[in-house]
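So you can see what is in the structure, the chains are spelled out below.
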Amino acid sequence: MALDSKIPEGPLKDKWTNYKNQIDLVNPANKRNIDVIVVGTGLAGASASASLAELGYNVKTFCFQDSPRRAHSIAAQGGINAAKNYQGDGDSTYRLFYDTVKGGDYRSREANVYRLAEVSANIIDQCVAQGVPFARDYGGLLDNRSFGGVLVSRTFYAKGQTGQQLLLGAYSALSRQIAKGKVEMHNRHEMLDLVKVDGKARGIIARNLVTGEIQRHSAHAVVIASGGYGNVFFLSTNAMGSNVTAAWKAHKKGAHMANPCFTQIHPTCIPVSGGFQSKLTLMSESLRNDGRIWVPKKMEDAKAIQAGTLKGKDIAEENRDYYLERRYPAFGNLVPRDVASRAAKERCDAGFGVNKTGEAVYLDFKSAIVRYGKQEAFVHGNKNPSDAEIQTLGKAAVAAKYGNLFQMYEKITDENPYEMPMKIYPAVHYTMGGLWVDYDLMTDIPGCYAAGEANFSDHGANRLGASALMQGLADGYFVLPYTIGNYLSKDIRTGEIPNDSAEFMAAEKEVKARIDGFMNAKGTKPVDHFHMRLGKLMWENCGMARNAEGLQKGMKEIKALKEEFFANVRIPGVANGVNQELEKAGRVADLMELGELMCKDALERSESCGGHFREESVELDGIQKGEAKRDDENFSFVSAWQWNGESGKQELIKEPLEFKDIAVKQRSYK
Amino acid sequence: MKLLLKIWRQNGPQDKGKMVDYNVDGIEGDMSFLEMMDVLNSQLIEKGDEPVIFDHDCREGICGSCSMFINGEAHGPGRNVTTCQLHMRSFKDGETIFIEPWRAEAFPVIKDLMVDRSAFDRIIQAGGYVSVNTSGNTQDANSLPIPKEDADLAFDAATCIGCGACVATCKNASAMLFTSAKISQLSLLPQGQVEAKERVINMVNQMDLEGFGNCTNTGACEVECPKGISLDNIARMNREYLSATAKGKK
Ligand SMILES: Cc1cc2nc3c(=O)[nH]c(=O)nc-3n(C[C@H](O)[C@H](O)[C@H](O)COP(=O)(O)OP(=O)(O)OC[C@H]3O[C@@H](n4cnc5c(N)ncnc54)[C@H](O)[C@@H]3O)c2cc1C
Ligand code: SF4
Ligand code: FES
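Residues numbered from 1 in each chain as written. Chains lettered and ligands numbered in written order. Predicted model: local features only at pLDDT ≥ 70, side-chain atom pairs only at ≥ 80, totals over all residues. Heavy atoms only, no water.

**Student:** What's the story with the sheet that holds strand E17 (residues 448-450) of chain A in this structure? I'm lost.
**Tutor:** To summarise the sheet geometry, strands pair through backbone hydrogen bonds and adopt either a parallel or an antiparallel arrangement. All names here are of chain A. Read from one edge to the other, the open sheet built from five strands follows the order E5-E2-E1-E9-E17, with strand pairing classed as parallel. Each end of this open sheet is capped by a strand with a single partner; those strands are strand E5 (183-186) and E17. Each strand of the sheet is rotated relative to its neighbour by a mean of 20°, with strand direction disregarded. Note that strand E1 (residues 35-39) and strand E9 (residues 221-224) share four bridges and pair parallel. If you follow Val36 over to E9, its bridge partner there is Ala221. (Pairing = 2+ DSSP bridges. Helix = DSSP H or I, 4+ residues; strand = E, 2+ residues; numbered from the N terminus. Axes fitted to C-alpha atoms, helices over the stretch in contact; angles between N-to-C directions.)

**Student:** Is there a simple way to explain the state of the cysteines in this structure?
**Tutor:** Two cysteines whose sulfur atoms are joined by a covalent bond form what is called a disulfide. What the rule picks out here adds up to zero disulfides over all chains. No disulfide involves Cys170 of chain B; its sulfur sits 6.6 Å from that of Cys221 of chain B, the nearest cysteine. (Disulfide = S-S within 2.5 Å.)

**Student:** Please explain the site of ligand 1 as it appears in this structure.
**Tutor:** Residues and elements named next belong to chain A. Around ligand 1, 38 residues are found, and the nearest of them are Gln65, Ser73, Met191, Glu453 and Leu469. Within the contact set of ligand 1, an oxygen atom lies 2.5 Å away from a side-chain nitrogen or oxygen of Ser73. Take Gly79: an N or O atom from its main chain is 2.9 Å from a nitrogen atom of ligand 1. Within the complex, 97% of the 1,000 Å² of free accessible area of ligand 1 lies under protein. Going through the elements one at a time, helix H3 (43-55), strand E6 (189-197), strand E15 (422-431) and helix H13 (468-488) are the ones with two or more residues in the shell around ligand 1. (Near = heavy atom within 4 Å. Polar contact = N/O pair within 3.5 Å; in protein donor to acceptor, adjacent residues only side chain to side chain. Areas by Shrake-Rupley, 256 points an atom, 1.4 Å probe, with all protein chains shown as cover.)

**Student:** What am I meant to see in the domain arrangement of chain B here?
**Tutor:** How big an interface is tends to be reported as the loss of accessible area on association of its parts. Residues and elements named next belong to chain B. Partitioning chain B into domains gives domain 1 (3-111) and domain 2 (117-131 + 144-246). Its C-alpha centre places domain 1 at a distance of 28 Å from the equivalent point of domain 2. The partner domain 2 presents 21 residues to the 23 residues of domain 1 that form the contact. Both faces considered, domain 1 and domain 2 share a buried interface measuring about 1,500 Å² in area, 56% of it formed by carbon and sulfur atoms. On inspection of domain 1 and its partner domain 2, the count reaches two salt bridges. When the shortest N-O distance is used, the salt bridge between Arg79 and Glu224 registers 3.6 Å. At the junction of domain 1 with domain 2, the criterion picks out four residue pairs in polar contact (both at pLDDT 80 or more). (Domains from an automatic or database assignment. Contact = heavy atoms within 4.5 Å. Buried area = accessible area lost by both parts, 1.4 Å probe. Salt bridge = Lys/Arg side-chain N within 4 Å of Asp/Glu carboxyl O.)

**Student:** What is the right way to look at the nonpolar core in this model?
**Tutor:** Nonpolar side chains in soluble globular proteins generally cluster together in the buried interior. Judged by nonpolar contacts, the single largest core of 234 residues is most densely connected at Ile80, Phe134, Phe365 and Phe565 of chain A together with Phe212 of chain B. Element by element, the count of residues in this core is highest for H13 of chain A, at 12 residues. Sequence-distant contacts of Ile80 of chain A, that is, excluding residues within four places in its chain, are made with Ile123, Ile124, Phe134, Arg154, Thr155, Phe156, Thr162, Leu166, Ala466, Leu469, Met470 and Leu473 of chain A. If you look at the next biggest cluster of nonpolar residues, it comprises 28 residues, including Leu3, Trp8, Ile27 and Phe91 of chain B. (Core = buried A, V, L, I, M, F, W, Y, C linked by side-chain atoms within 4.5 Å. Buried < 20%, exposed > 50% of the residue type's maximum accessible area, 1.4 Å probe, protein only.)

In structure tokens, the structure reads:
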């Protein structure tokens, strides 16, 4: 079956306006009789819940944490993009659209991205009206910073806690609707299946994580805003609970998974320190505005550092290799994430890594401290500052900008980044892939929508920094309220959806059987044991660089691991009460199936694009030698995978990508 | 390193609960406190015992899930850290560590170290927002400049992660620091002015309804707060409350 992305007719810049003018609306009296389920309370889910409730729908919202405020959006640090052009540096809706499509290596849908850029400015207005305390300059106006892969300053931020502030804004809007009785909030509940009635999404099966009760919840539409699935790699910057279950259940009920192999490996994370590690911590990309990335030029220096006999700060300027500045003079340290990550891996693979495992590079603020120190001295009338004065003033200036990040780094590593260059290494961070959605953000199950990181829509093969927060809020505040209304306008006569139909009962039974299966497993190993092994084999075979042989091996190994898991896992305790091992078991089982599909997708796509780097597809000569080689002739499409009853046996359906308003170019940051 | 852990085990809200001893070995200084707990839990599971239940998610000090009372201190030794940011290098080989849940009437234990903090959500629902719809019909974000100083103070108050360490630390189990942080954030911004009076009254009432105790100015909450939320916020809230009630709004 071909996929219909339902892109509205007309010129790119008018599509969304035309769409909004032409959709059917639901009158307020009817909205009261319509229920919508939202799974997730991150930026996407919380904003969607609040907005839909304000419009008058009855909303039932779910999250697995003890409060909606703890969704992983809370951890986003650096900022949120918006085409406000407050800095007057040439930004515009078109430029944000262009940067996003280019940054995504021409693997996203023009119309969706344009709409995102178009509504972006309004997000900032909305958040300010809610009391989100963005950073401001001394004139009291909003401040901006710049992020990787672009040449303008369009990122709004709240120190290193932008996600927290935006999420608390959305949470406050959600809380207001909970207080009004328009949102029924289900904390500590996990969606374990999607229920379809007559082909339409009509509800979910959820488990109360405190009592273990299995519940049937019905609605006229279901929004999945369950976040990303980076935890398939076990170690990632995601929260421990981040998972794919909600999206995966929808997939198994017929929703296509799109571009599952497109994973973002973030270049600036704190390196792995031991085998016990449970998660990785991101150091915001904003650090690359002032920090310079380097490794030693000489192999003997690198060896000495790895052995612990030499310190990075003692290496002379001329013996440092600022490899990003060397390879990409136009963008330098601000190249997009995929490029920066691969470059780090390349240096470390060549033996120049700077910690005991050889898997780290330096991020150094030495020059920034001196530059800011001189500037501050000058501003304060000191035309002839001493080195000590420069250091003091410079460190204070750096602290004002990045203080909390430096503090976080020091807490984790026990090293002072003002004195010693930071050590960083790439880590899994974000998943561009996700549920396939059309222009309405609807999956190919009627009435089942996907928003935020859970869908695949806007970032192509690589996401630009500060664009996920923008997308989550755009989806929830400004897109879904229109598109869902259009769908629900045909449902006003349906009446309440019964939750005891055969379909609901069957789904409930299946969920219970699966739980019984886990509880009765006769093994001895904790779930984490399998999760770690899954992560390791995904990282090795489907990580920063991929090849056909590794991907095939990966698929085979996951299959074997899956069998071992079901035979050998042990879930202590009971199912009718708090049981965190049981929760994990369900999530890891789904992640394993997802892992298989990711390898399959990566194998199918034998080009390199964005975060997906196939070793078989690199430029062989010219100034781009060694860089990723995209293949537009054969791969300018979205890979949408259709479930066929068995894991790893999905069928590929291609949604061709057309670029009418943007010239497709080789992505060069040289 | 080797450690002796004394951990609160409680099977459910009705269970009486007790401290149970556990030995762990092979703990490294670079491990976080929760990674040490992972090691213990793996051991328990392999033996067929139930793992210790605790809340956690982001493991980077921002979601506010983790909540352990360690050696008599909320989030353990060390200032400005959450439990997940505490590293084992803060402990010595052979040490005995006491691990308990937050204890407060308004935070009933669900199981082991996991407590119910939904009272915090209800305090926010009572007024911790600006009543503006998300329809997008708002004025341009820069049409109303806000002095940097106010914006920065509002931000500082807004960094509260809702962990509840303040309540767990306070001998009266007062939620003043948490509540005042939200009230301060909104009262420092022009957007929050319109509803300022109802907000402070409703939120303070809700706090009392939930069974949190009174503030007697001991300041322990500020010391244990992982985000360094300042006592000034409580003073600001008290001023707001006084002025709201003085104008006969109550
Ligand atoms: C450390 C870090 C820093 C980042 N920094 C930035 C940044 O500076 N700028 C930027 O633009 N982006 C950033 N990102 C990316 C961005 O934060 C995320 O992509 C975005 O916040 C995801 O939002 P979301 O609403 O889709 O999902 P989430 O915020 O992850 O929320 C998922 C929700 O779904 C719920 N859920 C999941 N499964 C179930 C289930 N089965 N049943 C019930 N509920 C379920 C969860 O409880 C949660 O409420 C960062 C990401 C990380 C990890
Ligand atoms: S005020 Fe501090 S201790 Fe209290 S909930 Fe907020 S962050 Fe936690
Ligand atoms: S786990 Fe999120 S703050 Fe500790």
